[in-house]
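A look at the structure
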Amino acid sequence: MNVEISDLTRRFGRTQAVAGVTLATGPGVFGLLGPNGAGKTSLLRMLATVIPPSSGRLRLLGRDPGVYGPRREIRRRLGYLPQNLGYYPGFTVVEFVEYFALLKDMPAGRVPGAVATAVERVGLGDKARAKLRTLSGGMLRRVGIAQAIVNQPELLLLDEPTAGLDPEQRVAFRALLRELGQHATVIVSTHLVEDVGAACSQVALMDQGMLVFHGTPGELTARAEGTAAAGDAPLERGYSAVLAAARSTAAARS
Amino acid sequence: MTAATDAPVRHGPPRAASTGPLTAARLLRIELRRNAMLWMLPLLAALFWFSTYRPSMALPPWWNLRGTLLQQQALLGFAPLMAGVAAWMGSREGRRGTADLVGVTALPRWAGQLATWAATTCWAMVAYLGGVAVVYGITARQATWGGPLGWPVAVGAAMVAASCALGFAAGTLVPSRFSAPLVAVTVFLALAAGAIAIEHNSTYAQIWPLNVQGALPPDTFGTFSPYLPDLAITQVLFLAGLAAAVLGALGLRAAGGRWLRCAAAVAAAAGLAAAGTGVGLAGTARPEAHGIVIPTLHDTANDKPIAYTPVCSQAAVPVCLHPAYRSLLPAVTAALDPLLSEVAGLPGAPVRVWQVASTHLQQRPHNGIELSGPVIGGSPPVVSLPLSGMALPGEGHTTAAEFIRQLRSQVPPMLLNTLIGGDQLDTNGQQGSRSARQPSPSVLAQQVIKAALAQVAGVPPDSGVPPLPPGSPADAAAKRFAALPAAARHAWLVDHLTRLRAGQITLGELP
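Next up on the list: the overall build of chain A. Assigned secondary structure in chain A consists of nine helices and nine strands. Taking 2.2 N^0.38 as the reference for a compact globule, 254 residues should give roughly 18 Å; the C-alpha atoms of chain A span a radius of gyration of 18 Å, in line with that estimate. Each principal axis of the C-alpha distribution contributes one length, and for chain A these read about 60 × 40 × 30 Å. By the burial criterion, 54% of the 254 residues in chain A qualify as buried. Counting contacts in chain A only where the partners sit at least 6 residues apart, residues at least 24 apart contribute 63% of the total.

Written out as structure tokens, the structure is:
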């Protein structure tokens, strides 16, 4: 498994953002759904080795990220797009992607080619020399994706990657996700269930720090059958049904 | 809830680490192209022009004067701004919200930080050394003697690196848009505090980076004897140590492996040791006539005077200056020649005026010094004239006329007192109120001649020649003597100087 999580928790003071999540996944596109504050971003940040877990076991790409050497090896193979992408306005698209390629410890000789490929893959070839300050929000998001995929990651973590993208770009991005998922484990945290339906082979749903569903998008859709769950699309209704069931179970326990 | 997919396990082979010169060079290239210091170069150039270039060019083209300005004025202007810009670069990740993104990259964070600092420091060095090249280049065309002083520039370069390191570290630790101005103000205040500290502490405060050879005036060192590098060595040691300690501390803070932490710890410890050693050595500094001496570092070969061939005026009494002072020869000659031509050939009169290195007496407990003045001595008599420490033409608002006035207020009174005597108000031994102290008739005659010659020589009032009461017989006698033709005055002095000096001539015997 590329990602192995066992009883993983993360606390921020008295708040428990992630509460005992257990998960294992290999190559493919994995959708992570959940309402605001469900703990998706905290889970993704632990997977990205930004923050360590408070407790539990975490192995990425067969290595322990708690130890410096393996963590560095994981990071060489990691792509990460945070929810709020920070950027340097004075950098050009190519410079920004090249900068991160170098920080990811790619062999320097391979960097120019990898940068050009990544920029082309996100459809920014004609903006390669543009300063980031001149780009729209959607273009910046694509720059963020380019820096995440420049090192051909084996584990790609994308937090709200389609936010700000127009429908055409979103369709292209889903195709890119499917392509990347053939060789790598791609975990996509999103609010947009149509992204999950179109691109993900597996989906998990988080609520209040816990994993309340894991399966295929079809299985999630099936959860809505026989219920009066709200939603405009079948997947949305499945999402609502699972959430409602999880919350009623939690209420009954308490 | 537990979740698992059925996908196969992937254990990719280790990827080759690429960290090496090429990666570092590419990182540095990006950082150099997108560095805030690059955009500050025009401002730094303007600052240099105002703070250093203009004052430098107003001074005589002496390497020691201009080298001093390159360490003092340039750094006072540059260091706060450079530290502020470095803080801006150091706070970049925090301000721009890229900390998460950068934090999960494989390259040790310290390496990335060092690349950013190096690029920032590189542009700062370009600004500083570019300014040095301009000033020294012009000085090379103007100077009549000597060569560029390297040590003030070495201290300046070390200060630039240390300012950038301090600012960068501050920006990294407190990433805010306010970090840059706060750091700039703090560095400026620290430099100002150093000026105050050195006034009240003559030992450890000598390490202050703007301190060039203590309280000695800039034209007292590096001309008659070699520039003493003792203090500059301790300053470079201190500043380089400070930079290494700060950067090492950054490396300790950045997450990394054992070797990285060891390297950072070694850098921090070595830096602290170097900085501490610098301060300790500065505590043993003592001022000498030709610079600050630190016994542990001192090379006695630097105490030997530098041989030179003086430049002399073609006058009855030649004025000879160090070749570095060639441009001042006309002014010095103009200042002294009126009196020298009056007394030339008289018994005890100087046969030459010879510029000498100044000597000084250190004032305790403060760090001030008192410079020696002109003296006459030897056989045949020669006036030893130290020009160091005087306000030179172009320095501040000093004009050539004011420089001449300074010289005339120092040399002629000394010369007249030596030649004629009469510098004691009361030769009768009376000690009482000022009104009761009246010169004896013989002393009065001496004072009349001195007053007359001082008038002829253009000596400013209140310059050590006792004034005569206006309208008094003595005043009238002085005016009469001054009105005589120069040849008549000289002939009278030839005949009567020995008796006048011995106090054997009274007011009534004067022409």
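Counting secondary structure elements, chain B contains 17 helices and 10 strands. Looking at chain B as a whole, 44% of its 511 residues are labelled buried.

Residues and elements named next belong to chain A. Taken in spatial order, the six strands line up as β5-β6-β7-β3-β8-β9 in an open sheet, and their pairing is mixed. The open sheet has two free edges, formed respectively by β5 (78–81) and β9 (210–215), since each of these has just one partner strand. Taking the axes of each pair of neighbouring strands and ignoring which way they run, one obtains an average angle of 15° across the sheet. Where β5 and strand β6 (residues 155–159) come together, four bridges link them in parallel fashion. Paired with Leu 78 across the bridge in β6 is Leu 155. In the packing of helix α9 (residues 234–253) onto the sheet, the strands contacted are β3 (28–33), β8 (202–207) and β9, and the crossing angle to β8 comes to about 40°.

On to the interface of chain A and chain B. With 49 residues of chain A in contact, the opposing surface of chain B contributes 38 residues. Breaking the side of chain A that touches chain B down by element, the ones donating at least two residues are β2 (15–25), α2 (68–76), β5, α3 (93–103), β8 and β9 of chain A. Broken down by class, the residue content of the side of chain A that touches chain B amounts to 26 nonpolar, 13 polar and 10 charged.

Residue and element names in this part refer to chain B. Read across the sheet, five strands follow the order β4-β5-β6-β10-β9 without closing on themselves; strand pairing throughout is mixed. The open sheet terminates on both sides in strands that have one partner only, identified here as β4 (311–312) and β9 (375–377). Pairing analysis gives three bridges linking β9 to strand β10 (residues 382–385), with the strands arranged antiparallel. By the bridge assignment for β10, Gly 377 is matched with Val 382. Helix α13 (residues 329–343) rests against β4, β5 (319–321) and β6 (352–355) of the sheet, and its axis sits at about 150° to β5.

Our next topic: α3(A). Residue pairs spaced three or four apart in an α-helix point in one direction, given the helix's 3.6 residues per turn. Taken across its 11 residues, α3(A) has 11 buried, putting it largely inside the fold. Backbone geometry just downstream of α3(A) places Asp105(A) in the positive-phi region, at approximately 70°.

Along the chain, Ala488(B) turns up in helix α17 (residues 486–501). C-alpha of Ala488(B) to C-alpha of Pro511(B): the two residues are 23 residues apart in sequence and 9.8 Å apart in space.

Residues and elements named next belong to chain B. Two elements in contact, α13 and helix α14 (residues 400–420), have axes separated by 8 Å at closest approach and are oriented at 30°. One finds that α13 runs roughly parallel with respect to α14. Regarding α13 and α14, the two cross each other, and that crossing is right-handed. Where α13 abuts α14, its residues Ala 331, Val 332, Ala 334, Ala 335, Leu 336, Leu 339 and Val 343 lie against Ala 400, Phe 403, Ile 404, Leu 407, Arg 408, Val 411, Pro 412, Leu 415 and Leu 419. Taken together, the residues of the contact of α13 with α14 sort by class into 15 nonpolar, no polar and one charged.

To continue, consider the pairing of strand β1 (residues 3–12) of chain A. All names here are of chain A. Sheet topology places β1 next to β2; seven bridges connect them, and they run antiparallel. Of the residues in β2, the one forming a bridge with Arg 10 is Val 18. Direction of pairing for β1 relative to strand β4 (residues 55–60): antiparallel, over a ladder of five bridges. Note on β4: the bridge partner recorded for Ser 6 is Arg 57.

Here we take up the nonpolar core. Within the largest apolar cluster, 219 residues are counted, with the highest numbers of intra-cluster contacts made by Val97(A), Ala165(B) and Val448(B). Beyond its immediate stretch of four places on either side in the chain, Ala165(B) contacts Trp117(B), Ala243(B), Val246(B) and Leu247(B).

In this model, Ser379(B) is joined to Pro380(B) through a cis peptide bond whose omega is 0°. Relative to the assigned elements, Pro380(B) resides in the loop between β9 and β10. If you check the backbone angles, Asp7(A) has positive phi at about 50° while not being a glycine. Mapped onto the fold, Asp7(A) is located in strand β1. Exposure remark for Asp7(A): the 14 C-beta atoms within 10 Å place this residue in the partly exposed category.

Take the pairing of β6(B) next. Residues and elements named next belong to chain B. Only one face of β6 is covered, namely the one carrying Val 353 and Gln 355; the face carrying Arg 352 and Trp 354 has none of its residues buried. When β5 meets β6, the two strands line up parallel, connected through two bridges. Directly across from Cys 320, in β6, lies its bridge partner Trp 354. Of the strand pairs in this sheet, β6 and β10 are connected by four bridges, and their pairing is parallel. Looking at β10, one finds that Arg 352 is bridged to Val 382.

Time to look at the confidence of the model for chain B. All names here are of chain B. Scored by pLDDT, chain B comes out at a mean of 85, with 89% of its residues at no less than 70. The secondary structure element of chain B with the lowest average pLDDT is strand β1 (residues 2–4), at 46, and the one with the highest is helix α9 (residues 151–173), at 97. Counted against residues more than four places away or in other chains, residues 1–12, with its pLDDT under 50, gives 32 contacts. Confidence drops under a pLDDT of 50 for residues 425–436, and excluding neighbours within four residues, the segment shows 12 contacts in the predicted structure. In the predicted assembly, ipTM is 0.89 and pTM is 0.84.

What follows covers the packing of helix α5 (residues 73–90) of chain B against helix α10 (residues 179–200) of chain B. Residue and element names in this part refer to chain B. Contact geometry for α5 and α10: axes closest at 7 Å, N-to-C directions at 150°. Between α5 and α10, the angle falls in the class roughly antiparallel. Judged by the sense of rotation from one axis to the other, the crossing of α5 with α10 is right-handed. For the pair α5 and α10, contact is made by Leu 76, Ala 79, Pro 80, Leu 81, Ala 83, Gly 84, Val 85, Ala 87 and Trp 88 and by Ser 179, Ala 180, Pro 181, Val 183, Ala 184, Val 187, Phe 188 and Leu 191, respectively. When the residues that make up the contact of α5 with α10 are grouped by side-chain class, the tally is 15 nonpolar, two polar and no charged.

What counts, and where the lines are drawn
- Within each chain, residue numbers correspond to sequence positions counted from 1 in written order.
- Lettering of chains starts at A and numbering of ligands starts at 1, both following the order in which they are written.
- pLDDT decides what is reported in this predicted model: residues at 70 or higher carry local features, side-chain atom pairs at 80 or more are listed and counted, and totals for whole chains, interfaces and linings draw on all residues regardless.
- A run of DSSP states H or I qualifies as a helix once it reaches four residues; a run of E qualifies as a strand once it reaches two. Both are numbered from the N-terminal end.
- Taken over C-alpha atoms, the radius of gyration is set against a globule rule of 2.2 Å times the number of residues to the power 0.38.
- Counts of 20 or more other C-beta atoms within 10 Å of a residue's own C-beta define buried residues, counts of 12 or fewer define exposed ones, and intermediate counts define partly exposed ones; C-beta atoms are placed from the backbone.
- Here, residue contact means that the backbone-derived C-beta atoms of the two residues sit within 7 Å.
- At least two bridges found by DSSP between two strands is the condition for calling them paired.
- Working convention: axes come from line fits to C-alpha atoms, limited for helices to the stretch in contact. Angles between N-to-C directions cover 0 to 180 degrees.
- In this classification, the charged set is Asp, Glu, Lys and Arg, the nonpolar set is Ala, Val, Leu, Ile, Met, Phe, Trp, Tyr, Cys and Pro, and all remaining amino acids, among them Gly, are polar.
- Here the angle decides the label: under 35 degrees means roughly parallel, over 145 means roughly antiparallel, 65 to 115 means roughly perpendicular, and every other value means oblique.
- Crossing handedness is read from the near helix: turned anticlockwise from the far helix by less than a right angle, it gives a left-handed crossing, and turned clockwise, a right-handed one.
- Buried Ala, Val, Leu, Ile, Met, Phe, Trp, Tyr and Cys residues whose C-beta atoms connect them within 7 Å together make up a nonpolar core.
- How sure the predictor is of each residue is captured by pLDDT, a score from 0 to 100.

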